[in-house]
Amino acid sequence: MPSHSRRASLKEQNTFAIETITPDLFCPTNIEELREIDRSILQHSYILGEGSNTLFVRENAPTIVSPKFKGINVEETHDAFHITVAAGENWHDFVAFCVENKYNGLENLALIPGSVGAAPVQNIGAYGVEIADYIESVAWYEIVSGQLKTMQKAECGFGYRESLFKRALLGKGIITEVALRLPKAWKPKLNYSGLDVLPSNPSAQQIFEQVINIRNEKLPNPLLIPNAGSFFKNPVIERKQLEDLLNGFPDIVYYDIDELNVKIAAGWLIDKLGLKGFVLNGAAVHKKQALVLVNQGVSSGMNIVQLAKHVQEEVLQAFGILLEPEVRLVDNNGLTEISELND
Ligand code: FAD
Ligand code: EPU
């Protein structure tokens, strides 16, 4: 049987350090233990990795299933390393393992908190790389059939902070393992500002270290200042809307996506409004990175939500852009939307 605790606090299991109580916490360590959890329980549970992209908003949380599967397997072919890694492994430790063994490719994704199992859910990305660039397939336990399915990359619907696991497959299964293909023909990816200071032809180890340096400079360490990274996604808007915005804000920061769309740096929008360092009832906009909201001593996740709503309203009023949370909001029944949370 999987480990099972009743009336468990989740304060240590979410990086916003919000106190909330789950009636039941299950921690399966393998598929057999997962299968032993009643299907109707799994269907109504929230799947929790390391809680670094989750904000609990009520005193009570739903039933939690937290997969603790461990293990890394590496197979080498003439042109690539094929690595399968279990959902319960820590993402950064896994990246460090790859860099140490010269399985290159993931170094730009150093120091992203959380579990391997959650990484495909929002297609984690940083410094010009997304996990989808290297995913071959994802092993996914389907609750209704009790079967383990292999989802090929093309079936996963990956996009910017997007995947099918957040959409059509939400609540229907649990990721148990991720299979990656790291080609031996490796080229460093240095387009992101901050990486261009490296010497020409840097090693993966040098990129890994530089990414850690940059991140440590601007992102708060959740162990010291509780947070969940970027609270909002960078909004994608049409070029027509960008042109209108450029009239009023010529220095707006944006990235080209395709002929029709651009992605706006939400941190710039929030910063432009002078909200960096703004505090509301113990929740704050981070001083060094305006896209990050931090917990400065609140006990209720609703205080963070109140600040998020304030930021949303200010940005909407000034720029006509509605920021969408990246962080998953969870009440006593499970996932919810910011627009549903009113007190
Ligand atoms: P959780 O918060 O536990 O879960 C996140 C989502 O995944 C939930 O919807 C959950 O139900 C689902 N889930 C978790 N495990 C499974 C599973 N096994 N099967 C199915 N669904 C599952 N993200 C980036 O992309 N890039 C960054 O640069 C980045 N920087 C960050 C910096 C900081 C300081 C922090 C705190 C967060 C940052 N994040 C970043 C967000 C976070 O690290 C990622 O979203 C990470 O993948 C979350 O992992 P987790 O295990 O903590 O997920
Ligand atoms: N900016 C400001 N003020 C700020 C913050 C940002 O003006 O307070 C402007 C700057 O011009 C900066 C630009 O916005 O050049 C982009 O900022 P940054 O490089 O810090 O990245 P970001 O767009 O804010 C995204 C991801 C991060 C990821 C970094 C690096 C999203 C929602 N966030 O942040 O991911 O680490 O790029 O690739 O896409 C996360 O998802 O939790 C996360 C931290």
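Residues numbered from 1 in each chain as written. Chains lettered and ligands numbered in written order. Predicted model: local features only at pLDDT ≥ 70, side-chain atom pairs only at ≥ 80, totals over all residues. Heavy atoms only, no water.

Draft legend 1. Structural detail: the layout of surface pockets. By volume, the second largest pocket amounts to about 360 Å³. Looking at the second largest pocket, it is lined by 18 residues, and the ones nearest its centre are Glu324, Pro325, Arg328, Thr336 and Glu337. Residue assignment for the lining of the second largest pocket shows that the elements contributing at least two residues are strand S20 (328-331) and strand S21 (334-336). (1 Å grid on protein atoms, 1.4 Å probe; cavity = no way out; pocket = protein on both sides within 12 Å on 5 of 7 lines; lining within 4 Å. Points joined across faces, edges and corners; volume = space filled by probe spheres on them. Helix = DSSP H or I, 4+ residues; strand = E, 2+ residues; numbered from the N terminus.)

Draft legend 2. Region of the structure containing the nonpolar core. Of all hydrophobic cores here, the largest spans 49 residues; its most connected members are Leu55, Phe231, Leu269, Ile270, Val311 and Leu323. Ranked by residues supplied to this core, first place goes to helix H7 (residues 301-319) with 8 residues. Beyond its immediate stretch of four places on either side in the chain, Ile270 contacts Phe232, Leu275, Val285, Ala290, Leu291, Val311, Val315 and Leu323. By size, the runner-up hydrophobic cluster in this structure holds 39 residues, among which are Val99, Leu109, Cys156 and Ile212. (Core = buried A, V, L, I, M, F, W, Y, C linked by side-chain atoms within 4.5 Å. Buried < 20%, exposed > 50% of the residue type's maximum accessible area, 1.4 Å probe, protein only. Contact = heavy atoms within 4.5 Å.)

Draft legend 3. Structural detail: H7. The end-to-end C-alpha distance of H7, which contains 19 residues, comes to 27 Å, matching closely the 27 Å that a straight helix rising 1.5 Å per residue would cover. Within the sequence span of H7, burial applies to Gly301, Met302, Asn303, Ile304, Val305, Leu307, Ala308, Val311, Gln312, Val315 and Phe319. Of the surrounding secondary structure, the elements contacted by the buried residues of H7 are strand S4 (54-56), helix H5 (239-248), helix H6 (266-272), strand S17 (279-280), strand S18 (283-285) and strand S19 (292-295). The backbone nitrogen of Met302 has a side-chain oxygen 3.0 Å away, supplied by the residue at the start of H7, namely Ser300. One or two positions beyond H7, positive phi appears at Gly320, with a value near 70°. (Expected span 1.5 Å × (residues − 1). Polar contact = N/O pair within 3.5 Å; in protein donor to acceptor, adjacent residues only side chain to side chain.)

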